[in-house]
Amino acid sequence: MPIVDDHGARIVRHGLPLYRQETHSRVRIASRGGLQLAFERGDLDGGRLKADRLHETGKAYRWALETNSALTTPERNLAPISGRSPLRASLGPQDAVFAAGEILRVFRADLTPRQVAVLDRVCGLEMTIRATSLALRADARTIRQVLVEALAIATDNQKASARAPAA
């Protein structure tokens, strides 16, 4: 509906009727993505390990990746990869960053670069399997398989490192 003046005549600007412009803010709905969505949809089922165990490994991987990525420079910048990180590395001791890096090294020990890329996207960046498949230019079923295999290998690596005596 065009805007009218006090006398009921349409207001014209540049030869066209003037319409009311309304602004609104877009409400962003936080949705589950990545690992949680894959777990709820049953995408972690069918591997040699139970989906619950793979989900726990994926959450630990996400924590390690977020904490390790939080401090990218020697200066204390207050810009972590996400606000969900339980310990903001730039605010606390750097020991958390070193520990997270060590955990990532253990998780990634026997993984291929493709498996690391899938874990980083699905677990760390919370991309869906479909979005990851588009980013890596692969079929979603292949990405699902790679995710389950990578989480199983990471779980085995974690168990092996826990059994190994500390040097």
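What this report covers is the structure whose coordinates are included nearby. What you see is a predicted model; the values in this text were computed from it and never measured.

Rules used in this analysis
Per chain, the residues get numbers from 1 upward, laid out in the order the sequence is written. With the structure being a predicted model, the display of local features is reserved for residues of pLDDT at least 70 and the display and counting of side-chain atom pairs for 80 or more, all residues being used for whole-chain, interface and lining totals. Calculated side-chain values reflect all of the structure's heavy atoms, with hydrogen atoms and water omitted. By definition, any uninterrupted DSSP run of H or I lasting at least four residues is a helix, any uninterrupted run of E lasting at least two residues is a strand, and each is numbered from the N terminus. For every residue, the accessible area obtained with a 1.4 Å probe (protein chains only) is divided by the maximum for its type, and the residue is called buried under 20%, exposed over 50%, and partly exposed between those limits. Directions from the helix axis toward the C-beta atoms define the arc. Note on definitions: a residue-residue contact is assigned when non-hydrogen atoms from the two residues lie within 4.5 Å.

## Overview of unusual backbone geometry
- In this structure, His14 takes a positive phi of about 55° despite not being glycine.
- Relative to the assigned elements, His14 resides in the loop between strand S1 (12-13) and strand S2 (16-17).
- Look at His14 and you get exposed, because its relative accessible area is 77%.
- Of note in this structure, Arg137 is not a glycine but carries a positive phi near 55°.
- By the element assignment, Arg137 lies in the loop between helix H5 (129-136) and helix H6 (140-163).
- Looking at Arg137, the relative accessible area reads 80%, which means it is exposed.

## Observations regarding helix H1 (residues 34-41)
- Residues Gly34, Leu35 and Ala38 constitute the buried set of H1. What you see down the axis of H1 is that its buried residues fit within an arc of 95°, all on one side.
- Buried residues in H1 make contact with helix H2 (51-70), helix H4 (113-124), H5 and H6.

## Let's talk about the side chain of His55
- Inspection of the secondary structure puts His55 in helix H2.
- For His55, a relative accessible area of 8% gives the class buried.
- Not counting residues up to four positions away in its chain, the partners in contact with His55 are Leu35, Gln36, Phe39 and Leu44.

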